[in-house]
4 protein chains.
Amino acid sequence: MEYIYTHKVHYYETDRMGVTHHSNYIRFMEETRVAFMEEIGYGYERMEAEGVGSPVMGITCDYKTPTTFADPVEIHFNVLEMSPLKIRFGYTMMIKGKVACTATSLHCFLDSKTGRPIKYMERFAELEAVLKDYMK
Amino acid sequence: MEYIYTHKVHYYETDRMGVTHHSNYIRFMEETRVAFMEEIGYGYERMEAEGVGSPVMGITCDYKTPTTFADPVEIHFNVLEMSPLKIRFGYTMMIKGKVACTATSLHCFLDSKTGRPIKYMERFAELEAVLKDYMK
Amino acid sequence: MEYIYTHKVHYYETDRMGVTHHSNYIRFMEETRVAFMEEIGYGYERMEAEGVGSPVMGITCDYKTPTTFADPVEIHFNVLEMSPLKIRFGYTMMIKGKVACTATSLHCFLDSKTGRPIKYMERFAELEAVLKDYMK
Amino acid sequence: MEYIYTHKVHYYETDRMGVTHHSNYIRFMEETRVAFMEEIGYGYERMEAEGVGSPVMGITCDYKTPTTFADPVEIHFNVLEMSPLKIRFGYTMMIKGKVACTATSLHCFLDSKTGRPIKYMERFAELEAVLKDYMK
């Protein structure tokens, strides 16, 4: 299974070269994750109420085809790797049948009070199962 | 007196029209205020330690001459109006001898705990005096 | 008549105070205008094809109630003033029944080649009529 | 040799978690590259005049220590790899003696008219020599 999120490029996201500035794709990735977690029932509010934060530990992005204003960037989202403490997501961004970029992000889960890493996915068998469904 | 702050336009601040996107000037205004308050000894850290916040209540910006990547925008900063509860700042942004834009911002001061407006400037005769020096 | 556009606040649009950074509302205004012009049949691509640009000449924004991550900001859009050369739009941004901010933007129309102001609305009786329908 | 660029974090670059939003480091990387190329005499204007563009082909960023408003992020910049058609830069961002993040960016050079890759560094023995001085 994969989750698809669409971001229509805003004018203010373009740059002087006439294309979407490369830093913005990192933001599209965040939008996609947030929407996906909401979709599967583990949205930001729930995690915040549970005292859990999920910072970004690392990102990669390889740019293939430029996009520009008004382009509907279709972001195909998958789980690439899971361990008790970390999870890596994958993003394939498509524009008009071409790959705009491929990207990954690595995350851990922290106890918001202590700042210590926690095994969040092990708490919820259901969450772990859903994430496995989205593994590529 | 006036305070001058310079912002050199970054590539990621330009847009598809080849110029600095208009929303970014609002950010240059914040940079200027922050640098000015620091300069006169009432920087953000001090106010935060005192439990005082200073939100933006309103802004205006009139765009005259476009700027672009690498342009050194020279921001001439003044105090336009002061009352016990509010202060209005003025910004004249210059590029190569021309006015890029003229702008204003209105602020109040809040007790961070209660969220209530406070007469911050009256607490410090010295602050009030310095701000008056910068009135246009 | 009024046009309503909704912007759901992204995590990256919040700041250290926990609220939507004030500069972002200027971007929500652009999103709204772009969507409205598209809706009434005079989208960016059409105007670009006609060799017409429509820069922002000025903006104002008064902040009333803060918004934050995931808030659906409902932007009520109107035409405030029209003259042969200029048009002023109005924006009332609502969050959960409260006014988040009220804003305006002033625009002209330029011939992209010569850079000279043009009477764009007079070219299209239909456009002028639609804009009048949205006057407040 | 290494080149050092400092970016003082702006308030608008922080997020609701109280730290610099992770997407902004990608922009600090661009600022660093632009300043470095200017410093060694191959600034943006020169390359633009020569009809050469240098797009970002890929980026990676690993986040170690958060930074926040007013932090002076010290960016240590190096050349990691060079080939006739590509160059990879490295960035170690430091905050108060700790590593904030380590990052890389990969670039090619294009003829602005044809869009074809060019061997830009081979054109200028001097440029190639300087870049080698900054290899880690």
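Attention shifts here to the sheet that holds strand E5 (residues 86-95) of chain B. If you trace the 10 strands from one edge of the open sheet to the other, you get E1(B)-E4(B)-E5(B)-E6(B)-E3(B)-E3(C)-E6(C)-E5(C)-E4(C)-E1(C), paired in antiparallel fashion. The two strands at the open ends of the sheet, each matched to only one other strand, are strand E1 (3-8) of chain B together with strand E1 (3-8) of chain C. Averaged over all neighbouring strand pairs, the angle between strand axes comes to 20 degrees, with direction disregarded. Note that strand E5 (residues 86-95) of chain C and strand E6 (residues 98-108) of chain C share 10 bridges and pair antiparallel. Paired with isoleucine 95 of chain C across the bridge in E6 of chain C is lysine 98 of chain C. Against the sheet, helix H1 (residues 24-39) of chain B touches E1, strand E3 (56-63), strand E4 (72-82), E5 and strand E6 (98-108) of chain B together with strand E3 (56-63) of chain C, its axis set at about 135 degrees to E1 of chain B.

What follows concerns the relation of the copies chain D and chain A. Rotating chain D by 180 degrees and moving it 0.0 Å along the rotation axis overlays it on chain A with an RMSD of 0.0 Å. Those values place the two copies in the arrangement expected of a two-fold rotation axis. In terms of proximity to the rotation axis, the leading residue of chain D is threonine 60 of chain D, whose C-alpha is 2.1 Å off the axis. Taken as a fraction of all interface residues of chain D, those also at the interface in chain A reach 100%, which identifies the copy contact as same-surface.

All names here are of chain C. Given a rise of 1.5 Å per residue, 16 residues ought to cover 22 Å, and the 23 Å separating the end C-alpha atoms of helix H1 (residues 24-39) matches this to within 8%. In terms of burial, H1 is largely enclosed, as 13 of its 16 residues are buried. Directly beyond the C-terminal end of H1, a positive phi value near 95 degrees is found at glycine 41.

With an RMSD of 0.0 Å, the operation that places chain A on chain B is a rotation of 180 degrees combined with a shift of 0.0 Å along the axis. With an isologous cut-off of 70% or more, the 100% of interface residues of chain A that recur at the interface of chain B puts this contact in the isologous class.

Our focus in this paragraph is the interface of chain D and chain A. Chain D puts 19 residues into the contact, and the matching count from chain A is 19 residues. The contact between chain D and chain A buries some 1700 Å² in all, and 49% of this surface belongs to carbon and sulfur atoms. For chain D, the biggest contributors to the area lost against chain A are His22, Arg27 and Ile59 of chain D; these three give 28% of the whole. At the junction of chain D and chain A, the tally comes to 2 salt bridges.

Let us look at the pairing of E3 of chain C. Two elements, E3 of chain B and E3 of chain C, share 5 bridges in a ladder whose sense is antiparallel. Opposite aspartate 62 of chain B, over in E3 of chain C, you have glycine 58 of chain C as the bridge partner. Of the strand pairs in this sheet, E3 of chain C and E6 of chain C are connected by 7 bridges, and their pairing is antiparallel. Bridge assignment links isoleucine 59 of chain C to a residue of E6 of chain C, and that residue is serine 105 of chain C.

Both the distance between ring centres and the angle between the ring planes are used here to describe each pair of aromatic rings. Under the definition given, this model contains 56 aromatic pairs over all chains. On the numbers, 4.7 Å between centres and 50 degrees between planes, the contact of phenylalanine 36 of chain B with phenylalanine 77 of chain B is tilted. Of this pair, phenylalanine 36 of chain B sits in helix H1 while phenylalanine 77 of chain B sits in strand E4, placing them 41 residues apart in sequence. Note on accessibility: phenylalanine 36 of chain B and phenylalanine 77 of chain B belong to one class, buried. Pairing tyrosine 44 of chain B with phenylalanine 69 of chain D gives two aromatic rings, centres 4.9 Å apart and planes at 80 degrees, and the pair type is edge-to-face. Of this pair, tyrosine 44 of chain B sits in helix H2 (residues 44-49) while phenylalanine 69 of chain D sits in the loop between strand E3 (56-63) and strand E4 (72-82), each in a different chain. An aromatic cluster is present here, built from Tyr3, Phe36, Phe77, Phe89, Tyr91 and Tyr134 of chain A joined pairwise through their rings. The ring of phenylalanine 124 of chain A has arginine 46 of chain A lying over it, and the distance from NZ or CZ to the ring centre is 4.9 Å.

Scoring rules and cut-offs
- Residues numbered from 1 in each chain as written.
- Chains lettered and ligands numbered in written order.
- Predicted model: local features only at pLDDT ≥ 70, side-chain atom pairs only at ≥ 80, totals over all residues.
- Heavy atoms only, no water.
- Pairing = 2+ DSSP bridges.
- Helix = DSSP H or I, 4+ residues; strand = E, 2+ residues; numbered from the N terminus.
- Axes fitted to C-alpha atoms, helices over the stretch in contact; angles between N-to-C directions.
- Contact = heavy atoms within 4.5 Å.
- Least-squares fit on C-alpha atoms with pLDDT ≥ 70 in both.
- Expected span 1.5 Å × (residues − 1).
- Buried < 20%, exposed > 50% of the residue type's maximum accessible area, 1.4 Å probe, protein only.
- Buried area = accessible area lost by both parts, 1.4 Å probe.
- Salt bridge = Lys/Arg side-chain N within 4 Å of Asp/Glu carboxyl O.
- Phe/Tyr/Trp six-rings, centres within 6.5 Å; stacked < 30°, edge-to-face > 60°.
- Lys NZ or Arg CZ within 6 Å of the ring centre and 35° of its normal.

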